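Coordinate inspection notes
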Amino acid sequence: MKRNKISRLSRRLAALTLSLLFVLSGCSSADSSEEASTTAAASSADTAAVTETADDTEAASDTETVVLRCGVKQAHTPYSYVDESGELVGLEEDVVTEAFNRIEGYEVEFVQFDASPSLFSALQTGSIDFASGQYAKSSERREIYKFAEQFYAVSPYYLVSREEDSFQTLEDIAGETLEFASTAYEKEVIEAFNAANPDLEDIVIVDTSGDTTNADQLQQLSIGQRNVLLLFKSSYDTLQAELNLDNLVLSDEPALVEDVYQVFNSSVDDAVIELFNDALVSMYEDGTLSEITVKWCGEDTISLYGDQISPIE
């Protein structure tokens, strides 16, 4: 009887041991499953975080500031020139800088050129995105480049001559010679004047390389190397303050007046030009363009000469 009790006790102990092993094994499996689930969840969270970071990076990339390069002349007083401190200043810089202050996501970088020919060469090859230098919409330029709709300045051209000549009108300079770049709007105006006045001797037009500054041209005029110039009054006044060529005189009234625009490389997106145009329109409407003109030219040429713009038809 004692053996049977021991045997029954041994069987119960064995059964209890198996039950404990089963329970422990179940707990271990549950722990492993929970750990796996936790790991998977963490992995999913990490993946989501990486994806979110990538999205943020892409969004930041989408909002990076776009820089457009603007070509200007470095010796075109008072429109664009290097001052005594070495800073590039003038009407062009003020107008373009203010326009870009009104365009979100864009900035401007100015690139300096000695004269218009090298500037337009860079514009045509795409080395710069646009140019600002008192340029009118000549027919030849319109075939190659893009323009904003809004002008940013109105520029009156005066005749400069020696005192003994004192030319006042285009009729006075019939038979004289003027120099222009081949794509210049002024060239078209003079050609139209010649065609409209067959009884007058033609004003002779000579293509220029543009490598002489306005100061050089005034000095040549003073010593008789040329007889007449077409020049902005503001440029004449500024340069004469330095040169003091007392045998030169300016015509009493403008000989021709032109509205001027920034010139864009043909690859610049139309939407970008529209943004720039909208900025200029707002500057025109709130009087900013007039204020800048008075600052650099001494008078509000937009109000004074806006109704005198010379047609070429």
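Because the structure is predicted, anything quoted here is derived from the model rather than measured. (Residues numbered from 1 in each chain as written. Predicted model: local features only at pLDDT ≥ 70, side-chain atom pairs only at ≥ 80, totals over all residues. Heavy atoms only, no water.)

**Considerations on the overall build of the protein chain**
Tallying secondary structure elements over the protein chain gives ten helices and 13 strands in all. By residue count, 40% of the 313 residues in the protein chain fall in the buried class. Put simply, of all contacts in the protein chain between residues at least 6 apart along the chain, 74% involve residues at least 24 apart. Within the structure as shown, the protein chain displays about 17000 Å² of accessible surface, and the carbon and sulfur contribution to it stands at 49%. (Helix = DSSP H or I, 4+ residues; strand = E, 2+ residues; numbered from the N terminus. Buried < 20%, exposed > 50% of the residue type's maximum accessible area, 1.4 Å probe, protein only. Contact = heavy atoms within 4.5 Å. Areas by Shrake-Rupley, 256 points an atom, 1.4 Å probe, with all protein chains shown as cover.)

**Quick word on helix H9 (residues 288–297)**
Note that an α-helix has 3.6 residues per turn; residues three or four places apart therefore point the same way. For H9, a buried count of seven out of ten residues is recorded, marking the element as mostly surrounded by other parts of the structure. Along H9, the residues that are buried comprise Thr288, Leu289, Ser290, Ile292, Thr293, Trp296 and Cys297. Where H9 is buried, its residues touch strand E3 (80–82), strand E4 (88–89), helix H2 (91–101), helix H7 (233–243), helix H8 (270–285) and helix H10 (301–305). Gly298 sits one or two residues past H9 and shows a positive phi near 80°.

**Things to note about the pattern of salt bridges**
Under the criterion given, the structure shown has ten salt bridges. A salt bridge links Lys146 to Asp270; the nearest nitrogen and oxygen atoms lie 2.9 Å apart. Of the two residues, Lys146 sits in strand E7 (residues 146–147) while Asp270 sits in helix H8, which places them 124 residues apart along the sequence. Relative accessible area serves as the criterion here: at 24%, Lys146 is assigned to the partly exposed category. (Salt bridge = Lys/Arg side-chain N within 4 Å of Asp/Glu carboxyl O.)

**So, the side chain of Ser161**
As for its position among the elements, Ser161 is in strand E8 (residues 153–162). At 3.1 Å, the side chain of Ser161 forms a polar contact with the backbone nitrogen of Phe167. When neighbours within four sequence positions are excluded, Ser161 is seen to be in contact with Ser166, Phe167, Leu221, Asn227, Asn247, Leu248 and Val249. (Polar contact = N/O pair within 3.5 Å; in protein donor to acceptor, adjacent residues only side chain to side chain.)

**Brief notes about the environment of Ile128**
Residue position: Ile128 is located in the loop between helix H3 (116–125) and strand E6 (130–135). The class for Ile128 is buried, based on a relative accessible area of 1%. When the C-alpha positions of Ile128 and Glu109 are compared, they lie 9.4 Å apart, and in sequence the two are 19 residues distant. Setting aside residues up to four positions removed in sequence, Ile128 forms contacts with Arg69, Gly71, Val111, Phe113, Leu119, Ala122, Leu123 and Asn265.

**Quick look at unusual backbone geometry**
Look at the link from Thr77 to Pro78: it is a cis peptide, with omega at 0°. Considering the arrangement of structural elements, one finds Pro78 in the loop between strand E2 (75–76) and E3. Of note, Gln134 is a non-glycine position whose phi angle comes to about 65°, a positive value. Secondary-structure assignment places Gln134 in strand E6. Relative accessible area serves as the criterion here: at 4%, Gln134 is assigned to the buried category. Unlike most non-glycine residues, Asn244 shows phi in positive territory, near 55°. Structurally, Asn244 is set in the loop between H7 and strand E12 (248–250). The class of Asn244 is exposed, set by a relative accessible area of 59%.

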